[in-house]
Amino acid sequence: MERVDAKVREIAEREGFSGSIVVKQGEEVVYSEGFGYRNLAESLPNQKDTKFGIASGSKLFTAVAIAQLVEQNQFAYDTPVHQLLEQSLHCIDERVTIHHLLTHTSGIPDYFDEAVMDDFSELWEEKPMYKMENLEDFLPMFVDKEKMFDPGEKFHYNNAGFIILGLVVEAVANQSYITYVTENIFKAAGMQDSGHYRLDQLPGNTALGYIEKDGVIKTNVYDVPVVGGSDGGAFVTGLDMIGFWEALLGEKLMGAVHVERLLTKHIKVKSGTSYGYGIWLDDVHDQTVYHVMGYDPGVQFHSCVYPERQAIVTVLSNKGGGAFKIVQAVEELLQK
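Below or above, wherever it landed, is the structure these notes cover. Throughout, a residue's number is its position along its own chain's written sequence, starting from 1. At least 70 in pLDDT is required for a residue's local features to be given in this predicted model, at least 80 for side-chain atom pairs to be given and counted, and no such filter applies to totals for whole chains, interfaces and linings, which use all residues. Working from all heavy atoms in the structure, the side-chain values ignore hydrogens and water.

### A few points about the overall build of the protein
Put simply, DSSP H or I for four residues or longer makes a helix, DSSP E for two residues or longer makes a strand, and each gets a number counted from the N terminus. Secondary structure assignment for the protein yields eight helices and 14 strands. Whether two residues are in contact is decided by their heavy atoms: any pair within 4.5 Å suffices. At a minimum sequence separation of 6, the contacts of the protein that also span at least 24 residues come to 65%. Charged side chains of the protein number 28 positive and 49 negative; the gap between the two group centres comes to 4 Å. The convention is simple: Lys and Arg are positive, Asp and Glu are negative, and His and the chain ends are not counted. Where a charge lies is defined by one atom per residue type: Lys uses NZ, Arg uses CZ, Asp uses CG and Glu uses CD.

Next comes the structure, spelled out in structure tokens:
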């Protein structure tokens, strides 16, 4: 992996990358390295086992939670969502199903529409981020809006849809979303260093997210919700993501039928890119790559599985710059 190390270091230096990279091929972790600092003020370096926020990468955990409940016959993928919620939400068309929410084809209004907004931190200028402690706290941000289109009409990336899916998990499992994921996904996959940590109660060896604006560097503590939920905000390590992928693909989290459903190209997003359930499916060099990613202020995350190469690549960053370029570089080297 000398070529990988040389290329990664070149990109990291050029882009000012801060984070960690873990690459597993076959049965062996062939590359694992930290760059930059998890705490700039204290000059504490990022390490291969540092915990990082993953923003929307968490949506895959929500999809797995939903699939587990379907496997338990609690409901079906084509069950209308309004039948499962404890309260009626007029912004959700009665025809919207679990499948529509999982594939971003529901047409429900979003609290952060990435097609028209590009700065997530703007949301918290009038609504304090420290009050966003439960999934219900997001509802006032979109329930009074009108639907964007009819269910199934098209793909439109939607964060609110995964908030609703989290509320479905809570209603059906009769426990908080975070508790459910911790018990049935993190613990089941051996992800001992992962969790939904509050920004004001971060455990040791956790990277603070950093934002640079007008030459000033600050943490992202006021730019993202105080605790993550079903649409994003969990913390993981690179090694834990390997454990997650292996548990998922090894059918330790659910049976083969539901794993296959998760990884099915349900809707084409653009040329070479489709969407499954909470996961992107990319056509790369005549193979399908399983890909999850997340971007928040002070957070960049990519984790990819290359089935034909038996490889897993995870790049976690606590500062803008370089994460996707590193994924692309490692990807190219894996093809050689």
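That shown, we press on.
### Remarks on the environment of Val-313
As for its position among the elements, Val-313 is in strand β14 (residues 311-317). Burial classification: accessible surface area is computed with a 1.4 Å probe over protein chains only, and a residue below 20% of its type maximum counts as buried, one above 50% as exposed, and the rest as partly exposed. Classification of Val-313 by relative accessible area gives buried; the value is 0%. Taking the C-alpha atoms as reference, Val-313 lies 9.2 Å from Met-241; in sequence the two are 72 residues apart. When sequence neighbours within four positions are dropped, the list of residues in contact with Val-313 reads Val-22, Val-23, His-302, Ser-303, Cys-304, Tyr-306, Val-330 and Leu-334.

### Digging into the pairing of strand β2 (residues 28-35)
Only when DSSP finds a minimum of two bridges between them are two strands counted as paired. Bridge count between strand β1 (residues 19-25) and β2: seven bridges; the pairing is antiparallel. Within β2, the position partnered with Ser-20 by the bridge is Gly-34. Taking the residues that link successive antiparallel strands as the turn, the β1-β2 hairpin has two residues, and the phi of Gly-26 there is positive, at about 65°.

### So, the sheet that holds β1
Strand order in this open sheet of eight strands is β2-β1-β14-β13-β12-β11-β10-β9, and the pairing throughout is antiparallel. Every interior strand has two partners, whereas the edge strands, β2 and β9 (267-270), have only one. If you compare each strand with its neighbour and ignore which way they point, the axes differ by 20° on average. Across three bridges, strand β10 (residues 273-275) lies against strand β11 (residues 280-284) in antiparallel orientation. Looking at the pairing, Thr-273 lines up with Asp-282 of β11. Interaxial angle, 0 to 180 degrees, is taken between N-to-C directions of lines fitted to C-alpha atoms, where a helix line uses only the stretch in contact. Where helix α6 (residues 238-249) meets the sheet, its contacts fall on β1, β2, β12 (287-296), β13 (299-306) and β14, and the angle it forms with β14 comes to roughly 140°.

### Some points on the pattern of salt bridges
Whenever a carboxyl oxygen of Asp or Glu lies within 4 Å of a side-chain nitrogen of Lys or Arg, that contact is scored as a salt bridge. Tallied over the full model, the rule gives 16 salt bridges. Across the pair Lys-24 and Glu-246 runs a salt bridge, and its minimum N-O distance is 2.6 Å. With Lys-24 in strand β1 and Glu-246 in helix α6, this residue pair connects regions lying 222 residues apart in the sequence. For Glu-246, a relative accessible area of 35% gives the class partly exposed. Among the salt bridges present, the one from Asp-150 reaches Arg-95, with a minimum N-O distance of 3.2 Å. Here Arg-95 lies in the loop between α2 (59-71) and α3 (98-102) and Asp-150 lies in the loop between α3 and α4 (159-173), a separation of 55 residues in the sequence. Shared partners join several salt bridges into a network, and the residues in it are Lys-7, Glu-10, Arg-14, Glu-15 and Lys-325.

### Some words on the environment of Ser-271
Locating Ser-271 in the fold gives a position in the loop between β9 and β10. For Ser-271, a relative accessible area of 68% gives the class exposed. Here the alpha-carbon distance between Ser-271 and Asp-282, two residues 11 residues apart in the chain, equals 9.2 Å.

### Quick look at the pairing of β14
Burial of β14 is extensive: seven of the seven residues sit out of reach of the surface. Going residue by residue along β14, you find Ala-311, Val-313, Val-315 and Ser-317 tucked away on one face and Ile-312, Thr-314 and Leu-316 tucked away on the opposite face as well. Across seven bridges, the pairing between β1 and β14 is antiparallel. Across the sheet, residue Gly-19 finds its bridge partner in β14, namely Ser-317. The antiparallel pairing of β13 with β14 creates a hairpin that spans four residues between the two strands, and Gln-310 there sits at a positive phi of about 50°.

### Examining the packing of α2 against α4
In the contact formed by α2 and α4, the axes pass within 10 Å of each other and the chain directions differ by 40°. Between α2 and α4, the crossing angle belongs to the class labelled oblique. Seen along the crossing, α2 lies across α4 with a hand that is left-handed. Contacts between α2 and α4 involve Lys-59, Thr-62, Ala-65, Ile-66 and Leu-69 from the former and Asn-159, Phe-162, Leu-165, Gly-166, Val-168, Val-169 and Val-172 from the latter. Residue polarity follows a fixed list, in which Ala, Val, Leu, Ile, Met, Phe, Trp, Tyr, Cys and Pro are nonpolar, Asp, Glu, Lys and Arg are charged, and the others, Gly among them, are polar. Partitioned by chemical class, the residues of the contact of α2 with α4 number eight nonpolar, three polar and one charged. Every angle not falling under 35 degrees, over 145, or within 65 to 115 is termed oblique; those three ranges are roughly parallel, roughly antiparallel and roughly perpendicular. For any pair of crossing helices, the crossing counts as left-handed if the nearer helix is rotated counterclockwise from the farther one by less than a right angle, and right-handed if it is rotated clockwise.

### A short note on a nonpolar patch on the surface
Together, Tyr-37, Leu-40 and Ile-217 make up an exposed nonpolar region whose accessible area comes to about 260 Å². Along the chain, Tyr-37 turns up in strand β3 (residues 37-39). Two distance rules govern patches: like charges are joined within 9 Å, and nonpolar side chains (Val, Leu, Ile, Met, Phe, Trp, Tyr) within 5 Å, applied only to residues with over 30% relative accessible area and no salt bridge. Computed with the Shrake-Rupley method and a 1.4 Å probe, the accessible areas treat only the protein chains shown as cover for residues.

### Some words on the environment of Thr-105
By secondary structure assignment, the location of Thr-105 is in the loop between α3 and α4. Along the backbone, Thr-105 and Lys-147 are 42 residues apart, and their C-alpha atoms lie at a distance of 11 Å. Apart from the residues lying within four places of it in its own chain, the contact partners of Thr-105 are His-99, His-100, Phe-149, Asp-150, Pro-151, Gly-152, Glu-153, Lys-154, Phe-155 and Ile-267.

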